[in-house]
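Examining the three-dimensional arrangement
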Amino acid sequence: MNARVERLQASLDEPLLVSEPANVRYLTGFESTNAALLVDRERVRLYADFRYAAAGRAVEGVEFVETERALYAGLARVLSGRVGFEREHLTYAGYELLSAAGVDLVPRSGLVERLRAVKDESELDTIRRAAAITSKAFDRMSHEPFVGRTERELAWRMEELLHELGGHGTSFPPIVAAGPTGSTPHAHPGDRKIEAGETVIVDAGCVLDGYSSDCTRTFATGPLPAELKDAYRVCLEAQLAALDALRPGLVARDVDAVARDRIAAAGLGDAFGHGLGHGVGVALQEDPRLAQTSEWVLEPGNVVTVEPGIYLEGLGGIRIEDLVVVRDGPPEILTTFPKDLVSVD
């Protein structure tokens with residue numbers, strides 16, 4: 001049995017049905033969109049249909065059980081007694097099937113996610129390598145022409161760079177948001193051509209061996225209006241202050257407040273409407289969350305983004321994001337592309 005499964009077993013009051021694909025993969029290395037794991041104190045059973053049978057039988061430390069393709073109909077025929085389930089992930093349809101078969105279902109929350117939040121050294125090494133690829137892609141992108149090209153064209157170029165530099169895939173479709181497009185946090189690259197004298201937000205990351213990276217930089221296509229230039233200064237100061245405050249033992253909302261208070265003090269509080277950051281690992285967004293309402297207490301081994309943003313409607317946006325490991329001392333910053341305002345052609 002691997003150490004991750006053993007840690008989960010030690011926390012269980014009853015067998016746990018793991019249905020979230022990322023959690024199944026984290027615990028066993030098995031990747032499927034149609035699988036479930038039943039973990040109890042003595043054994044681990046992996047359920048999947050014929051398409052995944054050969055891969056399932058090769059997983060060490062589990063008993064593989066082949067089911068029909070209608071996974072939860074099959075599980076309803078073999079599960080019994082008291083079983084915990086992941087309340088955030090089991091569908092209502094799956095719940096109905098299991099409940100109708102007499103399974104005594106007990107909602108459980110975050111049991112695997114809490115394990116995922118603290119990375120071991122092998123995970124950190126993989127995320128480090130993914131972040132290094134991403135940093136190199138940003139460096140290469142900074143030498144590309146921006147003005148006159150569309151957001152969509154540059155987003156595709158970033159995707160090409162991440163692959164060329166060794167990424168196995170992208171963490172998400174890269175975002176390139178220039179001028180007024182960048183005044184919304186999760187903008188979609190379009191056919192608008194980038195113009196001189198505006199900001200360009202580039203948000204991208206790659207997947208390497210199942211782990212994600214994430215980075216955002218904001219470029220300038222020449223001299224900026226004073227309002228945008230000042231917003232960049234405020235955003236960078238807020239980001240650096242939050243990084244300096246990031247320590248184990250702090251409550252996540254207090255780290256969020258460090259950046260948020262700086263931006264508010266500059267009169268731009270209403271222009272920063274999202275959380276400061278989120279965990280990154282086998283999923284792009286996972287625990288811990290750095291947000292105004294987050295009660296999560298940070299621990300060494302947490303990997304989080306620190307990404308304040310300022311969005312000025314109709315004018316442009318600024319977001320500066322690093323991927324960071326919480327350490328006993330100062331945090332380890334994994335994304336290394338410069339954060340001073342870089343001007344591109």
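Conventions we followed
- Residues numbered from 1 in each chain as written.
- Predicted model: local features only at pLDDT ≥ 70, side-chain atom pairs only at ≥ 80, totals over all residues.
- Heavy atoms only, no water.
- Core = buried A, V, L, I, M, F, W, Y, C linked by side-chain atoms within 4.5 Å.
- Buried < 20%, exposed > 50% of the residue type's maximum accessible area, 1.4 Å probe, protein only.
- Helix = DSSP H or I, 4+ residues; strand = E, 2+ residues; numbered from the N terminus.
- Contact = heavy atoms within 4.5 Å.
- Salt bridge = Lys/Arg side-chain N within 4 Å of Asp/Glu carboxyl O.
- Pairing = 2+ DSSP bridges.
- Axes fitted to C-alpha atoms, helices over the stretch in contact; angles between N-to-C directions.
- Parallel < 35°, antiparallel > 145°, perpendicular 65-115°, else oblique.
- Left-handed = near helix turned anticlockwise from the far one by under 90°.
- Nonpolar A, V, L, I, M, F, W, Y, C, P; charged D, E, K, R; others polar.
- Phe/Tyr/Trp six-rings, centres within 6.5 Å; stacked < 30°, edge-to-face > 60°.
- Lys NZ or Arg CZ within 6 Å of the ring centre and 35° of its normal.

**A word on the nonpolar core**
Leu-8, Val-18, Leu-27, Phe-30, Leu-37, Val-39 and Leu-46 are the most contacted members of the largest nonpolar core, which has 34 residues in total. Elements that contribute at least two residues to this core include exactly α1 (3-10), β1 (16-18), α2 (21-28), β2 (35-39), β3 (44-48), α6 (111-116), α7 (121-142) and β18 (322-325). Counting residues per element, this core draws most heavily on α2, which supplies four residues. If near-sequence neighbours (up to four positions away) are discounted, Val-18 is found in contact with Asn-23, Val-24, Leu-27, Ala-36, Leu-37, Val-39, Glu-86 and Val-112. In this structure, Leu-228, Ala-238, Val-255 and Val-306 belong to the second largest nonpolar core, which totals 32 residues.

**A closer look at unusual backbone geometry**
That bond from Asp-287 to Pro-288 is cis: its omega, 0 degrees, falls within 30 degrees of zero. Here Pro-288 is to be found in strand β14 (residues 286-290). Here the phi dihedral of Asp-209 falls at roughly 50 degrees; this positive angle occurs in a residue that is not glycine. By secondary structure assignment, the location of Asp-209 is in the loop between β10 (206-208) and β11 (211-212).

**Digging into the pattern of salt bridges**
Under the counting rule described, the total for this entry stands at 36 salt bridges. In this structure, Glu-144 and Arg-157 form a salt bridge, with 2.9 Å as the shortest nitrogen-oxygen distance. With Glu-144 in the loop between α7 and α8 (151-164) and Arg-157 in helix α8, this pair connects stretches of sequence that are 13 residues apart. Arg-157 carries the same exposure label as Glu-144, and that label is buried. The partner of Glu-153 in a salt bridge is Arg-149, with the nearest N and O atoms 3.1 Å apart. On the basis of relative accessibility, which here comes to 14%, the residue Arg-149 falls in the buried class. If you follow the salt bridges from partner to partner, you end up with Arg-140, Glu-144, Arg-149, Glu-153, Arg-157, Glu-160 and Glu-164 in one network.

**Focus on the sheet that holds strand β5 (residues 82-86)**
One open sheet accounts for six strands, arranged β4-β3-β2-β1-β5-β6; its pairing is mixed. Each having just a single partner strand, β4 (63-66) and β6 (104-108) make up the two edges of the open sheet. Taken over all neighbouring pairs, the strand axes of this sheet differ in orientation by 25 degrees on average, direction set aside. Pairing of β1 with β2, which is carried by three bridges, proceeds in the antiparallel orientation.

**Quick look at the packing of α7 against α8**
Two elements in contact, α7 and α8, have axes whose closest approach is 9 Å; the angle formed by their N-to-C orientations is 135 degrees. Put simply, α7 runs oblique to α8. Of the two possible hands of crossing, α7 and α8 adopt the one that is right-handed. The residues of α8 that touch α7, namely those facing Ile-133, Thr-134, Ala-137, Phe-138, Arg-140 and Met-141, are Leu-154, Arg-157, Met-158, Leu-161, Leu-162 and Glu-164. Of the residues assigned to the contact of α7 with α8, the class counts are eight nonpolar, one polar and three charged.

**Quick word on the packing of aromatic side chains**
Here the structure, examined in full by the defined rule, presents six aromatic pairs. With centroids separated by 6.4 Å and ring planes inclined at 10 degrees, the aromatic side chains of Tyr-92 and Tyr-95 adopt a geometry described as stacked. Separated by three residues within a single helix, Tyr-92 and Tyr-95 lie in helix α5 (residues 92-100), roughly one turn from each other. Between Phe-219 and Phe-337, the ring centres sit 5.9 Å apart and the planes meet at 55 degrees, which makes this aromatic pair tilted. Of this pair, Phe-219 sits in strand β12 (residues 215-220) while Phe-337 sits in the loop between β19 (332-333) and β20 (342-343); the two residues are 118 residues apart in sequence, bridging distant segments of the chain. Of the residues examined, Phe-337 reaches a relative accessible area of 7% and is grouped as buried. Positioned over the ring face of Phe-272 is Arg-260, at 4.1 Å from the centre of the ring.

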